Amino acid sequence: MSFFGIDCVRKKEKELERKLRANDREYNLSFKYATNAIKTSKYNLFTFLPLNLFEQFQRIANAYFLFLLVLQVIPQISSLSWFTTVVPLVLVLSVTAAKDATDDINRHRSDNQVNNRKVQVLIDRKLRSEKWMDVQVGDIIKLENNQFVTADLLLLSSSEPLNLVYIETAELDGETNLKVRQALTVTGDLGDDIEKLADFNGEVRCEPPNNRLDRFTGTLTYAGQKYPLDNEKILLRGCTLRNTEWCFGLVLFGGPETKLMQNCGKSTFKRTSIDRLMNVLVLCIFGFLAIMCTILAIGNYLWELNDGSEFTVFLPRQDGNDAAFSAFLTFWSYVIILNTVVPISLYVSVEFIRLGNSFYIDWDRKMYYSRNDTPAEARTTTLNEELGQIKYVFSDKTGTLTQNIMIFNKCSINGKSYGDVFDYTGQRLEISEHTETVDFSFNSLADPSFMFHDHALVEAVKLENPEVHAFFRLLALCHTVMAEEKKEGEIFYQAQSPDEGALVTAARNFGFVFRSRTPESVSIVEMGQQRSYELLALLDFNNVRKRMSVIVRSPEGKLSLYCKGADTIVYERLHQSCSKLMDVTTEHLNEFAGEGLRTLALAYKDLDEEYFNQWQQRHHEASTDLDDRESKLDQLYEEIEKDLLLLGATAIEDKLQDGVPQTIEQLSKADIKIWVLTGDKQETAENIGYSCNLLREEMNDIFIISGNSPEDVRQELRNARTSMKQDTVEDSVFLPEQTPGVSPKVITDEVANGEYGLVINGHSLAYALECSMELEFLKTACMCKAVICCRVTPLQKAQVVELVKKYKQAVTLAIGDGANDVSMIKAAHIGVGISGQEGMQAVLSSDYSFAQFRFLQRLLLVHGRWSYLRMCKFLRYFFYKNFTFTFVHFWYAFFCGFSAQTVYDEWFITLYNLVYTALPVLGMSLFDQDVNDVWSFQHPQLYVPGQLNLYFSKKAFFKCALHSSYSSLVLFFIPYAAICDTVRDDGKDVADYQSFALLTQTCLLFAVTIQLGLEMSYWTAVNTFFVLGSLAMYFAVTFTMYSNGMFLMLPSAFPFIGTARNSLNQPNIWLTILLTSILCVLPVVTYRFLLIQLCPTINDKVMFKVRQAKATPSPPPRRTRIRRTSSRRSGYAFSHAQGYGDLVTSGRFLRRPAVSRSSGFSHVGRTTTGFSPMGRSAGYSPTGRPQNAKVPDVEVTSLQMYRTIRDPAL
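- For the chain, the name recorded in an unreviewed UniProt entry is Phospholipid-transporting ATPase, with Dicentrarchus labrax as its organism.
- Entered under Catalytic activity (unreviewed entry) in the UniProt record, the comment concerning the chain runs "ATP + H2O + phospholipidSide 1 = ADP + phosphate + phospholipidSide 2."
- The annotation that UniProt attaches to the chain under Cofactor (unreviewed entry) is "Mg(2+)".

Set out below in structure tokens:
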């Protein structure tokens, strides 16, 4: 561990293979593997002060003020007291250090809380309770139900049949559904026998520590036998044990070497782009300061040689100092006098402004979520203005865009659509919280949380409509859900996907209750009657089949096949007698898809006993064949899953969070690009993309990148790029590979010939992020309007963010709600955590947090834009007033023999930034706004200038410096000319140094105050009080300081006796003040007038609208529910991997559910002719008929009519 406590892992030779032996600490310690302690803090008691000061003095201005402090303690040089610099410097350093210390103490507490958790470890043949941080590689530990997994473990045994355990992986991948892991049989036999476990001496050889969550390779050698190990036998740190009484595991990786910690990004010190620009500008200012001081030092040298000798009679040089040494001292004296070009008050003010704007976020009631009592929180105060410059938003899906709640919304049965509610006139009603729900009291086993509004469906069930009963019977039988009934009537379902759980729950409420299963049977309660179906075969889902089927025998002995799957796939396998029903159902499916619902088609067929026996024999032979088993089984499945009879379709709503589509639409109008990075499967992510308006039917194309090799991925990216820029020369599309070691160049945005979307899978993304292909991927993705990355690991999320940061000169924001989003949140310029269902890890690592995704638009378009606008105005004005103040010293030097005499009174110099100009500029920086929040939402384009750095940049800075140079010339030479050889109206002389100093500083204060008034767009009572109060304060302090009484008390400190009353009672003095003020402001007013007339900005146009509306903005347009009119049907979310069908039907009893996360099917692109099962059916029905063609009028009464009446056209 390094001295500064930054590196968690001891630097050592790269580990190529891990070797360990169970229950042998001495052997394992020889390899010096990491312990299980974690460390996320940056400092400790001894390193805090040096390390924190080192970080703070990386800010060039702090180092500069330290240098000034050293100069000011040298009496030969300094004309100002040392404490004028040391007090504000110590104040700034102390406040920043206190904030950093508080943050790190919280990290220490979090680390200690985790490291001090208790777990049972097998030591010396006994189970002992040990702290997590004391667990070592090779230890055997015992976990119990609902405990966190301590380290990365090899599962040895469990309390469940077949050595299964069930885990929740929300901390790793954001998925809340249970997953199953299974131990080797040889270790499972150890059970919970402590003696056997203590004698276990298996040796493991496996891969070294890495961040791949989905892969593990290794071998276990035990009792002379070698057993292969894969990911299905590993429990990763961060998971939670569920529905399992106990399990034992062997520690493979600990602490920083676990896959969870390997995926955690490093904590970096975040600075805003304005901070980085300021560092560059401060360097430029230092260079300019050195040039000015050099010019004045040379002037002093020449003056000493030519004119200075005449004064030596009156002012003899000390110790024979010559002109050269005088010039040297003058150089450093002017460094101190002119240091106000970068005053430390600038940095004090910046911190105050940031703190104030952070409070606005904390206090914003419109970002408060009352349901959870969660306000918005600015967890850092240093990044507010960066919120006004965001170009890329990287968002998680599950829990961030969606609520991860699936609801059975609508269905189509036998050509009739259910789910909508109509009034007595036949008009469809909008369903709301107050809409009457269906009464399920007739069903004692119904789920009380299930809600449905269409009474017609429950009436059809009660009337024993055969097709409706068959529909729900299929939903109750065709699935791999596990049921758990702890109390009589209290049934809990564990499903592979929330979709499947929603369908089984719907069947349950409508009277077809799935109650339990064994490998050979499924027990359901049909309308109050217990029935057991013999489960003969389960034809499981995979990504190619996109459907699943079960073959069951009813209690009456009837053989049936029930199938559910993607409508395009099921339609291809239907009997031709279903053609008319298909047309009607297709219309319903299109209607469901238009509302963004996830659809699924249901079908069945009755089987002949003799045929099924033959098929079952062939199925058994194929399943035991070692060669080409998968293809043979697929052929058998294809054979039996044909000539099906259509029952209907289901529509499930994956509930978005409130306001997500509107928020994404607003951000898109603000030219913010949104990329969704999700661990979920492609089909689900794509469906949500359409639901939340990220992907739209109006887009020219959606590119699917799903190559399984680098060559395939590269070719798919090039094809996409060529499609978006067809006029591009072909060679220019093929980007050269990046040369290692060469600094990356910023790539500019290219304009596509339309609107496009990009969807890329996790395995393809791994290839796309390689050095040789990352530029190709980035350029292609940046041309698209929306990008969705599916099945990505937490580290890949961070890599995508880093890639954009590396090559795009843009500000990034990452938003998520789970531990799997932490690395992404840390990598982005700004991290936002949503306090949701998946714990507080994301919030604790974030810079800002709130409860709902919709608050992001207010954070960016209102608070972010205002903060950026205020900060830029502050910096422009602050540099202007201080450059003007300082440059007057420069011109005065040519008239005072380059003697480093100040042009102003010392008290004015001290109070100028602290009193006279501090509050007005702070008032502007805290309260100013060009337009209010309502207009900001109505015109999101106001956000664009911030992305382009138009308000404060190097160009704006140099304009400010030129303006200051002009103003300083006016402020010095107009008063100089006006007062030179001038007398008072009583004939007395007024052309003395003190009168000139007073006149110059008064003119300066009026000029910068009027300039502030021109900068301010939004006057409040507070601002007006600050401006007028500061001017009044100036005159009050000036008359007090220059009074007889102050002079008599301290003659040396208050030498300007009577100057104020002698000068400010003269009309010519006030005329001079008026003239200088007008001359300073006139060019600014002229320039702004011409700019607004000839080249108005978006701000000018909107502010003109506001003035036209007489500051009373028109009410915002009423929000309407967004309904998509697409014909695209979202597919049903099955498991992303091979299902657990083989486990369910293995003949081994399962007591607990085997749960895995859902996944879906890929859409390859748009089809323009005909119907392709792999395409998004845009305007075509699965029957090959146009969707808009009129369907023959048929009386929807019974399914048999459709099956027996043949259409002659067919």
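Having put the structure on the table, let's press on.
### Quick look at the pairing of strand 21 (residues 490–494)
- Side chains of strand 21 alternate between two faces, with Ile491 and Tyr493 buried and Glu490, Phe492 and Gln494 left unburied.
- As defined by bridge partners, strand 20 (residues 482–487) adjoins strand 21 across five bridges and the pair is classed as antiparallel. Each residue of the ladder has a partner; that of Ala483, found in strand 21, is Tyr493.
- The turn joining strand 20 and strand 21, which pair antiparallel and follow one another in sequence, is formed by two residues; a positive phi near 90° is taken by Gly489.

### Looking at the packing of helix 17 (residues 609–623) against helix 18 (residues 629–640)
- Running from amino to carboxyl end, helix 17 crosses helix 18 at an angle of 165°, the nearest separation of the two axes being 9 Å. The orientation of helix 17 relative to helix 18 falls into the category roughly antiparallel. Where helix 17 crosses over helix 18, the handedness of that crossing is left-handed. On helix 18, the residues that touch Tyr611, Phe612, Trp615, Arg618, His619, Ala622 and Ser623 of helix 17 are Arg629, Lys632, Leu633, Leu636, Tyr637, Glu639 and Ile640.
- When grouped by side-chain class, the residues that make up the contact of helix 17 with helix 18 number eight nonpolar, two polar and four charged.

### A closer look at the packing of aromatic side chains
- Here the structure, examined in full by the defined rule, presents 64 aromatic pairs.
- For the pair Tyr392 and Phe394, a centre-to-centre distance of 6.4 Å together with 15° between the ring planes defines the contact as stacked.
- Of the residues examined, Tyr392 reaches a relative accessible area of 0% and is grouped as buried.
- Measuring from ring centre to ring centre gives 5.5 Å for Phe890 and Phe894, while their planes differ by 80°; the resulting arrangement is edge-to-face.

### Examining the environment of Asp199
- Residue position: Asp199 is located in helix 7 (residues 194–199).
- Taking the C-alpha atoms as reference points, Asp199 and Asn23, separated by 176 residues in sequence, lie 8.0 Å from one another.
- For Asp199, the side chain forms a polar contact with the side chain of Arg125, separated by 2.7 Å.

### Brief notes about the sheet that holds strand 15 (residues 390–395)
- Taken together, nine strands build an open sheet; the order of strands is 14-35-34-33-15-29-32-31-30 and the sheet is mixed. On the outer flanks of this sheet lie strand 14 (377–378) and strand 30 (701–705), each paired with one strand and no other.
- The pairing of strand 14 with strand 35 (residues 848–850) spans two bridges and is classified as antiparallel. The partner of Ala378 across the bridge, within strand 35, is Tyr848.
- Contacts from helix 21 (residues 710–724) reach strand 30 and strand 31 (756–760), with the element oriented near 165° to strand 30.

### Here we look at the UniProt feature "active site" (unreviewed entry) in the chain
- Per the UniProt record, "active site" (unreviewed entry) is found at Asp396.
- Following the sequence through the fold, Asp396 ends up in the loop between strand 15 and strand 16 (402–413).
- Taking the relative accessible area as the measure of exposure, Asp396 reaches 2% and is therefore buried.
- Contacts of Asp396, omitting those with residues within four sequence positions, involve Leu401, Leu677, Thr678, Lys797, Ile815, Gly816, Asp817, Asp821 and Met824.
- Reaching out from Asp396, the side chain makes a polar contact with the side chain of Thr400 at a distance of 3.5 Å.

### Quick notes on the nonpolar core
- Counting 103 residues, the largest nonpolar core has Phe65, Val342, Leu346, Phe874, Leu875 and Phe879 as its most contacted members.
- Per-element accounting of this core gives the leading share, 17 residues, to helix 28 (residues 855–893).
- Every residue in contact with Phe874, bar those within four places of it in the chain, is listed here: Leu346, Ser349, Val350, Ile353, Val921, Met924 and Ser925.
- Counting residues in each nonpolar core, the second largest holds 81 residues, with Phe471, Phe514, Ala537 and Leu539 among its members.

What counts, and where the lines are drawn
Residues numbered from 1 in each chain as written. Predicted model: local features only at pLDDT ≥ 70, side-chain atom pairs only at ≥ 80, totals over all residues. Heavy atoms only, no water. UniProt positions renumbered as here; feature names shortened; annotations may be inferred. Buried < 20%, exposed > 50% of the residue type's maximum accessible area, 1.4 Å probe, protein only. Helix = DSSP H or I, 4+ residues; strand = E, 2+ residues; numbered from the N terminus. Pairing = 2+ DSSP bridges. Axes fitted to C-alpha atoms, helices over the stretch in contact; angles between N-to-C directions. Parallel < 35°, antiparallel > 145°, perpendicular 65-115°, else oblique. Left-handed = near helix turned anticlockwise from the far one by under 90°. Contact = heavy atoms within 4.5 Å. Nonpolar A, V, L, I, M, F, W, Y, C, P; charged D, E, K, R; others polar. Phe/Tyr/Trp six-rings, centres within 6.5 Å; stacked < 30°, edge-to-face > 60°. Polar contact = N/O pair within 3.5 Å; in protein donor to acceptor, adjacent residues only side chain to side chain. Core = buried A, V, L, I, M, F, W, Y, C linked by side-chain atoms within 4.5 Å.

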